[in-house]
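Listed below, chain by chain, are the residues.
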Amino acid sequence: MPTPYAYFQGDIVPLEQAKIGVMTHAFNYGTAVFEGIRGNWNEDDKTIYLFRVREHFQRLQQSCKILQLDLHDNIDRLCELTLEIVERSGYEEDVYIRPLVYKSSEQVGVRLHGLESDTVIFITPFGPYLDIEKGARCHTSTWRRVDDLGIPPRAKVTGIYVNSALAKTEAQLNGFDEAIMLNADGHVSEGSGENIFIIRNGRIITPMPSDNVLEGITAATAVELASKELGIETVERQIDRSELYIADEIFMTGTAAHLTPVVEVDRRPVGDGKPGPITSQLSAIFFDAIKGKNERYRHWCTPARTRVTS
Ligand SMILES: Cc1ncc(COP(=O)(O)O)c(C=O)c1O
């Protein structure tokens, strides 16, 4: 039987032993940064492929700088620890790995300085997040994306996810799958946990990082695959809300969401209301790449061979 393990206070322990106290600073004030890493199960070679682990830890390092958190382990060690957790836990399905660096001091008082930091990494089984086949029905959120002048969205700060949760819940309670957030200027920013791309006249367009988006690793993957495999370069520029209504195709990218077509925005069908041709082509290439099936992109995938068979 698979048993989840975690890296906690410097050791790898069964997940159930990784507990923090109620006075922990990060629990009280949202002063932590995190990552989400996918482990994609490949049934043919009975292997979980961890996707772009190093890039996730590089982004974690940047988030730590922004939030004045000390990352005690170097990137090589964090990659090794992640592999060790996946292999020991023994899952034979898609998994999600969650590294967090948090202000671990048990102290009351709002600030970033003068506090201890600690790192935790845990694993959980994780299936599809949005409907990749049918596509997602989205609406434009009434919640604006947080601004770099408030809490920088380029850092994956736990506290920022209140903004995402407000938007996601509003979308779902209104009968949609996902929210599209505009930034304070009213330009398209991103989903609650995804970057967004529109396709107009064969051109792929995505908001700029300065439109208050997380600089997504899946987005960078989609941009590279579109260029190398389809010969389509992606343009980064501001996107107006009304462009969502006339786009030929829209898709979202994210570690959880993979590459999900958007088939409806604000009750208007995108294109003919079905996943479009460029999105579908890109999606097929993407899923082969993340499951270690394409030799050209094997360097993105770290194979984890589980030690327990169920
Ligand atoms: C707000 C937000 N935008 C975009 C993304 C996509 O980033 P990535 O592809 O690196 O997972 C995520 C997911 O981590 C996210 O939470």
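Note that this is a predicted model, so its numbers are computed, not measured.

S.K.: Quick question: what am I supposed to make of the pairing of strand 2 (residues 11-14) here?
M.R.: When a strand is regular, its side chains alternate between the sheet's two faces. The sheet contact formed by strand 1 (residues 5-8) and strand 2 spans 4 bridges and is antiparallel. Paired with Tyr 5 across the strands is Pro 14, a residue of strand 2. What sits between strand 1 and strand 2 in their antiparallel hairpin is a turn of 2 residues, with Gln 9 showing a positive phi close to 50°.

S.K.: Help me understand the packing of helix 2 (residues 53-66) against helix 3 (residues 75-89) in this model?
M.R.: For any two helices packed against each other, one specifies the crossing angle of their axes together with the interaxial distance. In the contact formed by helix 2 and helix 3, the axes pass within 10 Å of each other and the chain directions differ by 125°. Taken together, the axis directions place helix 2 and helix 3 in an arrangement best described as oblique. As for the relative orientation of helix 2 and helix 3, their crossing is right-handed in sense. Here helix 2 contributes Val 53, Arg 54, Phe 57, Gln 58 and Gln 61 to the contact with helix 3, which in turn contributes Ile 75, Leu 78, Cys 79 and Thr 82. A per-class count over the contact of helix 2 with helix 3 returns 5 nonpolar, 3 polar and 1 charged.

S.K.: Before we go on, may I ask you to explain the domain arrangement of the protein in this structure?
M.R.: As a measure of interface size, the accessible area lost when the parts come together is often cited. For the protein, the domain assignment lists domain 1 (5-127) and domain 2 (136-290). Counting residues at the interface gives 19 residues for domain 1, matched by 10 residues for domain 2. Of all the secondary structure elements, the ones that give two or more residues to the side of domain 1 that touches domain 2 are strand 3 (32-34), strand 4 (37-42), strand 5 (47-51) and helix 2. Broken down by element, the side of domain 1 that touches domain 2 gets its largest block of residues, 5 residues, from helix 2. A class-by-class count of the residues in the side of domain 1 that touches domain 2 yields 9 nonpolar, 5 polar and 5 charged.

S.K.: What am I meant to see in the pairing of strand 11 (residues 195-200) here?
M.R.: Among the 6 residues of strand 11, 5 are classified as buried, and the element is accordingly described as predominantly covered. By the bridge criterion, 5 bridges tie strand 11 to strand 14 (residues 249-254) in an arrangement that is antiparallel. Of the residues in strand 14, the one forming a bridge with Ile 199 is Glu 249. By the bridge criterion, 3 bridges tie strand 11 to strand 12 (residues 203-206) in an arrangement that is antiparallel. Bridge assignment links Ile 199 to a residue of strand 12, and that residue is Ile 204.

S.K.: Explain helix 2 to me, please; I cannot follow it from the model alone.
M.R.: Given 3.6 residues to a turn, an α-helix orients residues that are three or four positions apart in the same direction. Taking 1.5 Å as the rise per residue, helix 2 with 14 residues should run 20 Å; its terminal C-alpha atoms sit 20 Å apart, in good agreement. Along helix 2, the residues that are buried comprise Val 53, His 56, Phe 57, Arg 59, Leu 60 and Ser 63. Viewed end-on, helix 2 has its buried residues packed into an arc of 160°, placing them on one side of the element.

The rules behind the values
- Residues numbered from 1 in each chain as written.
- Predicted model: local features only at pLDDT ≥ 70, side-chain atom pairs only at ≥ 80, totals over all residues.
- Pairing = 2+ DSSP bridges.
- Helix = DSSP H or I, 4+ residues; strand = E, 2+ residues; numbered from the N terminus.
- Axes fitted to C-alpha atoms, helices over the stretch in contact; angles between N-to-C directions.
- Parallel < 35°, antiparallel > 145°, perpendicular 65-115°, else oblique.
- Left-handed = near helix turned anticlockwise from the far one by under 90°.
- Contact = placed C-beta atoms within 7 Å.
- Nonpolar A, V, L, I, M, F, W, Y, C, P; charged D, E, K, R; others polar.
- Domains from an automatic or database assignment.
- Buried ≥ 20, exposed ≤ 12 C-beta atoms within 10 Å, placed from the backbone.
- Expected span 1.5 Å × (residues − 1).
- Arc of directions from axis to C-beta.

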